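Architecture at a glance
Chain by chain, the residues run as shown.
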Amino acid sequence: METKDFIVRPVNELFFRYLIPSIMGTMVTSIYVLADTIIIGKGLGSVAMAALNIALPIYNVFFGLGLLFGVGGSVLMSIYRGRGETKKADAYFTVSFFLNILIWLLLLVLSVIFMEDIAWILGGTEETMPYIMDYIPYIIWGMGAYFLSAFLQTFVRNDGAPKLAMNGVIAGGITNIVLDYVFVFPMNMGMAGAAMATVIGSYLTVAILCIHFLTKKNQLKFNFHGIHIGYIKDIVVNGTASFLIEVSSGITIFVFNLQLLKYVGNIGVTVFGIICNTAIVVMCLCKGVNQASQPIISVNYGAGQFERTFFVRKLTMITSIIVCGVIVFIGVFAPDFFTYIFLNPDKEILSMSGDAVRIYFSGFLFMAANMVYICYFQSVVKNAYSLLLCLLRGCILVLVFVYVLPLFMGVTGVWLAYPIAELCTMAVGMFVIKRTDKKNKKIVDKK
């Protein structure tokens, strides 16, 4: 799709053209984790599933860094294309690509050296460490797949090829599911088999995404002319929100695991494994909806078409709330449905999971709104606002509440920490969005 199409075609047409491929792409990304969780939970038991949940934050970091450079660079590329500055747009792609490669290699060296220390820091126990150390070596050595997959998905999608991005992720996801089953059950490879399936599926996604560079639709070009140090700052600042969205999931998992181990032991971590894996799906749905809107908002913002950006944001908000509302409805009225997806649960797990699911899932509606606000601010390069909301929901408020509320409410306070943090963040987001809308509407009125 040409850049001008984003400016002249009907907004509804553009949004829904990108919506399904974007949602499919992000949803299948979540399958990498879900397939591991379901296969491990059903095949290896609750302790192995707790071990996987302890190891998950490392995946969030790797994928989040790929998004840092992918989203950070692709948003700027889209904005400058909207302004007609194609060489500068290509320069941002170039810098983003090489930053992604550099950080991947540096982190690989550090992670290999401190692999076991990382496992203990994440919350490994004597019971779970054997499972963790069967899993994370393959994830660490294969981290390049996550860096490149996250990076290329954003740029290929923003370069007008959402279907190829979707197909690449779907192919990798299906491969991961098939290999998960084969490696864990017939071949009896345990946690190592699940990790290998994830890495292989991710590299297949990367290989398919690279096909875009051989097609006639490809507009991504390397341009080293005029690059300066300020480009790195622009990319990192603009991509930090996406990084924090991904990493905040890892932070939440890490801190919740520690608190649950303190209050109820491994069973709490197992129950949270059910919840956080469902939360990953919901988060991916929201990210898919927002990724459908991001290139449309960025290009139109760069072209000064503010009314079109407002309309896209409205469509995004309505769609996100509907999608999350369905999950919340099921969680409230049939919470055990999610428990049986991941485990063959005993009475002890069922007695805890029902209330936990109902309480935690209520936060998904507030999270839907927060994700729209964050994506919008990121798409129009209002990085201070997107960063503020990311820090509030993922790092500050959730940490405060998860440590304070249990002092008065026990384990119920742990489950309440998430929805209360999202609700408070949404209130801040609503206030900030009203302020920025007033400024942009004044510009529109002057025109």
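This report concerns the structure included in the present document. Keep in mind that what you see is a predicted model, and the values were worked out from it rather than measured.

The biggest cluster of nonpolar side chains holds 147 residues, and the ones touching the most others in it are Tyr135, Phe256, Phe272, Ile275, Tyr360, Phe364 and Trp415. Element by element, the count of residues in this core is highest for helix 3 (residues 46–82), at 22 residues. When residues no more than four places from it in sequence are discounted, the contact partners of Phe364 are Ala279, Val282, Cys324, Ile327, Val328 and Tyr418.

So, about helix 15 (residues 363–379). For helix 15, spanning 17 residues, the distance from its first C-alpha to its last is 24 Å, which sits close to the expected 24 Å at 1.5 Å a residue. In the segment just after helix 15, Val381 is the residue with positive phi, at about 55 degrees.

The next point concerns the pattern of salt bridges. In the structure shown here, the tally under the stated rule is five salt bridges. Among the salt bridges present, the one from Arg81 reaches Asp159, with a minimum N-O distance of 2.8 Å. Here Arg81, found in helix 3, pairs with Asp159, found in the loop between helix 7 (143–158) and helix 8 (162–184); they are 78 residues apart in sequence, far enough to count as distant. Arg81 sits in the buried class, given a relative accessible area of 10%.

By secondary structure assignment, the location of Phe185 is in the loop between helix 8 and helix 9 (190–209). Look at Phe185 and you get partly exposed, because its relative accessible area is 35%. The sequence separation of Phe185 and Ile39 amounts to 146 residues, and the corresponding C-alpha distance is 8.6 Å. Aside from chain neighbours lying at most four places away, what touches Phe185 is Ile39 and Gly43.

This part is about the packing of aromatic side chains. One pass over the full model with this rule turns up 34 aromatic pairs. Measuring from ring centre to ring centre gives 5.9 Å for Phe98 and Phe224, while their planes differ by 45 degrees; the resulting arrangement is tilted. Residue Phe98 is found in helix 4 (residues 86–113), and its partner Phe224 is found in the loop between helix 9 and helix 10 (229–263); the two are separated by 126 residues along the sequence. The class of Phe98 is partly exposed, set by a relative accessible area of 42%. Clustering of aromatic rings is evident, with ring pairs tying together Phe256, Phe272, Phe337, Phe338, Tyr360, Phe361, Phe364, Trp415 and Tyr418.

What counts and how
Residues numbered from 1 in each chain as written. Predicted model: local features only at pLDDT ≥ 70, side-chain atom pairs only at ≥ 80, totals over all residues. Heavy atoms only, no water. Core = buried A, V, L, I, M, F, W, Y, C linked by side-chain atoms within 4.5 Å. Buried < 20%, exposed > 50% of the residue type's maximum accessible area, 1.4 Å probe, protein only. Helix = DSSP H or I, 4+ residues; strand = E, 2+ residues; numbered from the N terminus. Contact = heavy atoms within 4.5 Å. Expected span 1.5 Å × (residues − 1). Salt bridge = Lys/Arg side-chain N within 4 Å of Asp/Glu carboxyl O. Phe/Tyr/Trp six-rings, centres within 6.5 Å; stacked < 30°, edge-to-face > 60°.

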